[in-house]
Amino acid sequence: MATERELKLSLLPRDAGKLKNHPLLAAAPATTRQIETHYFDTGDHQLARAGVAVRLRRIEDHYSATVKTESADQSGFTERGEWECAIPAPLAEAALAEPAELSAFPPWLEPLLERVAPRAIRDLLHHTALQLRPILSTRFRRTTWPIALVGGEAEVAFDRGVITTGTQAVPLCELEIESPTAPFPSLLEFARTLAETVALWPEPRSKAARGFALLTGDAATAFKTKPPRWSAEMSIADAFFTAWWSCVAHGGANMTLYAQHHDPEALHQLRIALRRSRTLLAHFAPWLGAPLADTLRAYIASVARPLGTRRDRDVLVDAIIRPAHTACPVAQQEIACLAEVLHPPCHRAAALPYRALGQLWLDTSLRLLAAKPSSFSSDPLEPFVRTLWHRTRRRVRHRIDQWEADPTSERRHRVRIALKSWRYLLEWSRALLPKRAYRREMARVKHALDLLGAAQDWEGAQHQLAPYLRRSDRLAVGAAAVLAWHHARSVLPCETLRNDLRTWFHESWEETTK
């Protein structure tokens, strides 16, 4: 069995020339080939659901068949099983032209199965062999360069083309840095050097995964990663990096989606990934060391800050103005005009700071891997997490007390931030909690965050629309109509919420987790 070890990164198509002309690549001999790949699965996608991909690939006049397993790591760095063999052209071409029903075991699959070691995968392929059909394909031009890294030789591959399902397509523009021997930090270091002049960011999804999303209608859907679950058997270091790579994957996938579709929800999910990463660094500051944690949190905040302004405008139009335009019985034209002025199509398509964001993910990851945290890295996770639970709840309780003493919007917002930190910690440590206690606590936190978020959105809308009220044109009429329509619906039970939060967070943690 070969183990595929690669770092996958996305880039903007407009930067393809800049990448190829980068001194690190321009000095190496380049090879360019046209590649066509067909992925097989059953009608109900049994292989994809099992984390297995089967493909036939054509490079010039040569065919090969491959089985790949899903990578356990989501960061863009993949280390997964791979079994491959050459296939005679007649067998491969016959497989791509198979009738709807097969009556005999596919001959192209037999030599491949002889190479697959895991019994479970062989059994799955035997069980599904007669149902396998080509379900999606990729066609791309690949340029490769051999490079030397610290720890071993590597191949850099730039792929530019398309992923298709027959009736639908999504562009493909990615870079792969693959090495059987070089350590992961060496791959990251090379990518970071390229990213100083070319916008590159980690891409956690394989070509097959993106094709499957296209097939199921999710290709343009914002990427919502499942929070990793810590287990009692993990060390502190394992728990930290499991959550960190999840943040990197969450951010990188949504950068790609925003570049392709300009979806406001992808921008929202990107901001969540950045916020989660800052929260993770704060929680693990006792392990990482406060200077490093604080420096990286400040770095992330500085890069993320401009995204907040764009997100505020998205919320104003999508959550405040458009509902009023749909339901408000007056000033329909004026409200529509206001939405167009505040959120023209060019705003949604405006570019993100891709290079700064890509450098952020690569640079912070390298600095964390190079760090030398405190000596309790290998200590059991559970005692450390219990300390985090108590410390985070105390912080939330303190913020609630401050809000009660000074019921301003600033104090309310600080409670919201503390509750988000608590929510992320609960999600990461879910497996360490009794199921009933986790569900009850998460229901409380989500309810509180929904109310606090609505209050924040309403206050932000009033602030953003205030300048339009001072005008003497139709935009003033539209702003007044939006605010008037929402005003009757904006009464938020802040006092009741404060009382509920005080009750919940003044319970002892032991009582809460019963």
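Relevant structure appears above.
Residues numbered from 1 in each chain as written. Predicted model: local features only at pLDDT ≥ 70, side-chain atom pairs only at ≥ 80, totals over all residues. Heavy atoms only, no water.

A. The arrangement of the environment of Trp-509 in detail. Following the sequence through the fold, Trp-509 ends up in helix H21 (residues 509–512). Take Trp-509: its relative accessible area is 6%, and that puts it in the buried class. With 269 residues separating them along the chain, Trp-509 and Phe-240 place their C-alpha atoms 23 Å apart. Filtering out sequence-adjacent residues up to four positions away, Trp-509 remains in contact with Trp-389, His-390, Arg-393, Trp-422, Leu-426, Leu-433 and Glu-441. (Helix = DSSP H or I, 4+ residues; strand = E, 2+ residues; numbered from the N terminus. Buried < 20%, exposed > 50% of the residue type's maximum accessible area, 1.4 Å probe, protein only. Contact = heavy atoms within 4.5 Å.)

B. View of the packing of helix H16 (residues 381–405) against helix H17 (residues 409–428). At a closest axis distance of 9 Å, the pairing of H16 and H17 adopts a crossing angle of 165°. Between H16 and H17, the interaxial angle falls into the category roughly antiparallel. You can see that H16 and H17 cross each other, and the crossing is left-handed. Across the interface between the two elements, Leu-388, Trp-389, Thr-392, Arg-393, Arg-395, Val-396, Arg-399, Ile-400, Gln-402 and Trp-403 of H16 pack against Arg-411, Arg-412, Arg-414, Val-415, Ala-418, Leu-419, Ser-421, Trp-422 and Leu-425 of H17. Tallied by class, the residues present in the contact of H16 with H17 amount to 10 nonpolar, three polar and six charged. (Axes fitted to C-alpha atoms, helices over the stretch in contact; angles between N-to-C directions. Parallel < 35°, antiparallel > 145°, perpendicular 65-115°, else oblique. Left-handed = near helix turned anticlockwise from the far one by under 90°. Nonpolar A, V, L, I, M, F, W, Y, C, P; charged D, E, K, R; others polar.)

C. Broad picture of the nonpolar core. One finds Trp-230, Phe-240, Phe-284 and Leu-501 to be the most contacted residues of the largest nonpolar core, which totals 99 residues. Those residues in contact with Phe-284 that lie beyond four places of it in its chain are Trp-230, Ile-236, Ala-239, Phe-240 and Phe-384. By size, the runner-up hydrophobic cluster in this structure holds 23 residues, among which are Val-54, Ile-87, Ala-95 and Val-116. (Core = buried A, V, L, I, M, F, W, Y, C linked by side-chain atoms within 4.5 Å.)

D. Representation of the environment of His-390 in the model. Here His-390 lies in helix H16. A relative accessible area of 30% means that His-390 is categorised as partly exposed. Taking C-alpha positions, His-390 is 9.1 Å from Ser-508, a pair spaced 118 residues apart along the chain. In this structure His-390 touches Trp-509 and Glu-510, once residues within four positions along its chain are discounted.

E. Representation of empty space enclosed by the protein in the model. This model, assessed by the stated rule, comprises three cavities of 30 Å³ or more. Taken together, Val-170, Arg-205, Arg-210, Ala-213, Ala-219, Thr-256, Leu-257 and Gln-260 make up the full set of residues lining the largest cavity. Only helix H8 (207–215) and helix H9 (236–261) provide two or more residues apiece to the lining of the largest cavity. Sort the elements by how many residues they give to the lining of the largest cavity and H9 lands first, with three residues. Taken together, the residues of the lining of the largest cavity break down into four nonpolar, two polar and two charged. Considering only enclosed or pocket space, the second largest cavity measures out at about 40 Å³ in volume. Among the elements that take part in the lining of the second largest cavity, H9 stands out by supplying four residues, more than any other. When the residues that make up the lining of the second largest cavity are grouped by side-chain class, the tally is five nonpolar, three polar and one charged. (1 Å grid on protein atoms, 1.4 Å probe; cavity = no way out; pocket = protein on both sides within 12 Å on 5 of 7 lines; lining within 4 Å. Points joined across faces, edges and corners; volume = space filled by probe spheres on them.)

F. Structural view of the pairing of strand S2 (residues 31–41). Pairing between S2 and strand S6 (residues 133–149): 11 bridges, direction antiparallel. Directly across from Ile-35, in S6, lies its bridge partner Phe-140. In this sheet, strand S3 (residues 52–59) lies alongside S2 in antiparallel orientation, the contact comprising six bridges. Looking at the pairing, Glu-36 lines up with Arg-58 of S3. (Pairing = 2+ DSSP bridges.)

G. Highlighting the environment of Ala-95. Mapped onto the elements of the fold, Ala-95 is located in helix H4 (residues 89–96). Measuring from C-alpha to C-alpha, the distance between Ala-95 and Val-248 comes to 38 Å, with 153 residues separating the pair along the chain. When near neighbours in sequence (up to four residues on either side) are disregarded, Ala-95 contacts Phe-40, Leu-56 and Trp-108.

H. Quick look at the pattern of salt bridges. Throughout the structure, instances matching the rule amount to 30 salt bridges. Residue Glu-404 is joined to Arg-502 by a salt bridge in which the shortest nitrogen-to-oxygen separation is 2.4 Å. Of this pair, Glu-404 sits in helix H16 while Arg-502 is found in helix H20 (residues 494–505), placing the two residues 98 residues apart along the sequence. Looking at Glu-404, the relative accessible area reads 37%, which means it is partly exposed. Classification of Arg-502 as partly exposed rests on a relative accessible area of 26%. For Asp-406, the salt bridge identified is with Arg-411, shortest N-O distance 3.5 Å. The class of Asp-406 is partly exposed, set by a relative accessible area of 32%. Taken together, the shared-partner salt bridges connect Glu-6, Lys-8, Arg-142, Asp-159, Glu-174, Glu-176, Lys-207 and Arg-210 into one network. (Salt bridge = Lys/Arg side-chain N within 4 Å of Asp/Glu carboxyl O.)

Keep in mind these values describe shape, not function.
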